[in-house]
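# Residue-level structural notes
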Amino acid sequence: MPIPFQNTYARLPGTFFEKVDPTPVRAPQLIALNSQLASQMGIDPAELTLEILSGNEVPTGAEPLAMAYSGHQFGGFSPQLGDGRAILLGEVAGKDIQLKGSGLTPFSRRGDGRSALGPVLREYLVSEAMAALGVPTTRALAAVLSGENVVREEIEPGGIFTRVASSHLRIGTVQYFAARQDHESLEALVNYTLARHYPESKTALELLENVIARQASLIAHWMSLGFIHGVMNTDNMSLSGETIDYGPCAFMDRFDPAKKFSYIDQNGRYAYHNQASIGRWNLTRLAEALLPLLHENTDTAVEIAKGALDKFGPLFENSYQQRFSNKLGLPGRCEPALIESLLILMAEQQTDFTLVFRHLSGPEENLLTQFKDPEPVKAWLSKWRGSGDIDIDLMQRSNPIFIPRNHRIEEVIVAGKKNDFEPFHQLHAILQKPFTEQAGAEAFEQTPEPDQIVPATFCGT
Ligand code: AMP
Ligand code: MG
């Protein structure tokens, strides 16, 4: 049975994309195929051949194209970005199937259109871990080795990643048409996005409100897991509310609110504790881009936009409190001060974020060993226990045992560069059940030893 493509994006006006086929590679090799996801999408996994996943063959029904978009990158606006190393094959079951690292497109600028193997493995593992953790995210359908080298800091094996997303529409897509004052395309984009993601809604204001609500909830979810996206540029913020673009992302080990990983984020713009305010900043750029559709009078449009943006803070706070209340087993009745005081203790004593929450629901001595000075923790514990009936089940469903720790991903990448994908498959399997104890996997729970710490991650470029 052929792959059941139904390509709605390719039906949009020509201003939205450039048609381009993937560039073939010499000697591709399959690393991983997510048959379960394929089946969920109504695709017979056997149809996803290596030839297709490497870009060597365009499947029947696909209409390959590179999407146009703009974006604020580290605060500066680039009016012309677009898919420079990604090609949308088309949609299946309402989801985009995209090849990443599949060759040059009209938007490649100075890039080579390719991906190194490392970022492919990282995105596969982290996006699938996020899905298993219940976080809205793009998914991994496949990873292949291209059999060709790419030149980055050093020469590295190349890879091609097949990504599935509810869509690849982003704040930057809206900005693209706003920057060109192309109101016709802007309106077409809003209608298309509403039909695809918010079918109950009809107006640009509703689109803005929906994206604000989804992003507020998403960022709070990230923070409840110690996740740092790392490159929250407006072209990396999805209109559907999924986490997208796992470039320099990472889960924190030791809790530090100012933690950042991305090597290029020198000022910590995208540090852990800045994620909500950057989210709001990005949503403000979305509101700006939508202004002409909010009201014909600009002053009125600005007032309408402000009203919508003002909801972001309370929505985020509410989501954040809810997530952390669940982590403490006190659903809907946890004092914000109780959460805050634990986080302060954790930061002061540089404890592992995941392990502290995990051990809160277990024997006290396991928890206390996480702290250098247990005395203030005992005081906190008695306040916590005095706060009401603690829902241990909920805690165990809210506090993962296994997260994709950076040093483990690094091990996977080092082995992968030597053509050994055993560590990749092992880590992937463990991360499928993040809330379940797994015999033999205890080492994967642990925080890195000082010599295992990976201090920085690099962008996927
Ligand atoms: P990202 O950092 O992945 O969000 O990418 C930012 C922009 O740079 C996007 O327009 C990408 O398509 C483009 N880009 C990143 N890497 C490459 C590459 N190797 N070749 C061409 N374009 C790239
Ligand atoms: Mg991007």
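### Side note on the overall build of the chain
Each helix and strand counted, the chain has 16 helices and twelve strands in total. Dimensions of the chain along its principal axes, counting C-alpha atoms only, are 65 × 60 × 40 Å. When burial is assessed residue by residue, the chain has 57% of its 461 residues classed as buried. Of the contacts made within the chain by residues no fewer than 6 positions apart, 71% connect residues no fewer than 24 positions apart. Entry remark: accessible area of the chain is about 18,600 Å², with carbon and sulfur atoms responsible for 50%. Positive and negative side-chain charges of the chain, numbering 40 and 55 respectively, have mean locations separated by a distance of 2 Å.

### What about the nonpolar core?
Burial of nonpolar side chains together is a common tendency in soluble globular proteins. Counting residues in hydrophobic clusters, the biggest one holds 117 residues, and the most contacted among them are Y9, L328 and L360. Sorting elements by how many residues they give to this core places helix α6 (residues 204–224) first, with eleven residues. The residues that make up this core include at least three from each of domain 1 (9–165) and domain 2 (321–398). The residues contacting L328, other than those within four sequence positions of it, are C334, L338, I339, L342, F357, L360, W380, W384, I390 and M395. Of all hydrophobic cores here, the second largest spans 20 residues; its members include L48, L89, L99 and I160.

### With respect to unusual backbone geometry
At F74, a position not held by glycine, the phi torsion is positive, near 50°. Tracing the backbone through its elements, the reader meets F74 in the loop between β4 (71–73) and β5 (76–78). Under the relative-accessibility criterion, F74 is labelled partly exposed at 31%. Positive phi, close to 65°, is recorded for N419, a residue that is not glycine. Relative to the elements of secondary structure, N419 occurs in the loop between α15 (406–416) and α16 (422–431).

### A few points about helix α10 (residues 336–348)
In a regular helix each residue adds 1.5 Å, so 13 residues correspond to 18 Å; α10 covers 18 Å between its end C-alpha atoms and thus fits that length. Among the residues of α10, L338, I339, L342, L343, L345 and M346 are the ones counted as buried. Burial along α10 is one-sided: seen end-on, the buried residues are contained in an arc of 160°. Exposed residues on α10 whose side chains face more than 90 degrees from its buried face are A337 and E348. On its buried face, α10 sits against α9 (312–327), α11 (353–360) and α13 (375–385). Q350 occupies a position one or two residues after α10 and carries a positive phi of about 50°.

### Structural notes on the pattern of salt bridges
Scanning all chains against the criterion turns up 22 salt bridges. The partner of E364 in a salt bridge is R385, with the nearest N and O atoms 3.1 Å apart. Of this pair, E364 sits in helix α12 (residues 364–368) while R385 sits in helix α13, and the two are 21 residues apart along the sequence. One connected set of salt bridges, linked through shared partners, spans K100, E123, R163 and D245.

### Digging into the domain arrangement of the chain
According to the domain assignment, the chain consists of domain 1 (9–165) and domain 2 (321–398). For domain 1 versus domain 2, the separation of C-alpha centres amounts to 40 Å.

### So, the site of ligand 1
Neighbouring residues of ligand 1: 19 residues in total, closest G82, G84, R85, G113 and D245. Between ligand 1 and R114 there is a distance of 3.2 Å, counted from a nitrogen atom to a backbone nitrogen or oxygen. At 2.8 Å from an oxygen atom of ligand 1 is found a side-chain nitrogen or oxygen belonging to D245. Relative to its free-state accessible area of 480 Å², ligand 1 is covered by the protein chains to the extent of 90%. Across the shell around ligand 1, the residue classes break down as three nonpolar, eight polar and eight charged.

### So, α15
Among the eleven residues that make up α15, eight are buried, leaving the element largely enclosed by the rest of the structure. The complete set of buried residues in α15 reads N406, H407, R408, I409, V412, I413, A415 and G416. In this structure, the buried residues of α15 make contact with α3 (117–133), β12 (250–251) and α16.

### Considering the packing of α6 against helix α7 (residues 275–294)
For the pair α6 and α7, the least separation of the axes is 10 Å and the interaxial angle reads 170°. Between α6 and α7, the interaxial angle falls into the category roughly antiparallel. Side by side, α6 and α7 meet where A204, L205, L208, V211, I212, Q215, I219, W222 and M223 of the first sit next to Q275, A276, G279, L283, L286, A287, L290, L293 and L294 of the second.

Reading guide: rules and limits
- Residues numbered from 1 in each chain as written.
- Chains lettered and ligands numbered in written order.
- Predicted model: local features only at pLDDT ≥ 70, side-chain atom pairs only at ≥ 80, totals over all residues.
- Heavy atoms only, no water.
- Helix = DSSP H or I, 4+ residues; strand = E, 2+ residues; numbered from the N terminus.
- Buried < 20%, exposed > 50% of the residue type's maximum accessible area, 1.4 Å probe, protein only.
- Contact = heavy atoms within 4.5 Å.
- Areas by Shrake-Rupley, 256 points an atom, 1.4 Å probe, with all protein chains shown as cover.
- Lys, Arg positive; Asp, Glu negative; His and termini not counted.
- Charge placed at Lys NZ, Arg CZ, Asp CG, Glu CD.
- Core = buried A, V, L, I, M, F, W, Y, C linked by side-chain atoms within 4.5 Å.
- Domains from an automatic or database assignment.
- Expected span 1.5 Å × (residues − 1).
- Arc of directions from axis to C-beta.
- Salt bridge = Lys/Arg side-chain N within 4 Å of Asp/Glu carboxyl O.
- Near = heavy atom within 4 Å.
- Polar contact = N/O pair within 3.5 Å; in protein donor to acceptor, adjacent residues only side chain to side chain.
- Nonpolar A, V, L, I, M, F, W, Y, C, P; charged D, E, K, R; others polar.
- Axes fitted to C-alpha atoms, helices over the stretch in contact; angles between N-to-C directions.
- Parallel < 35°, antiparallel > 145°, perpendicular 65-115°, else oblique.

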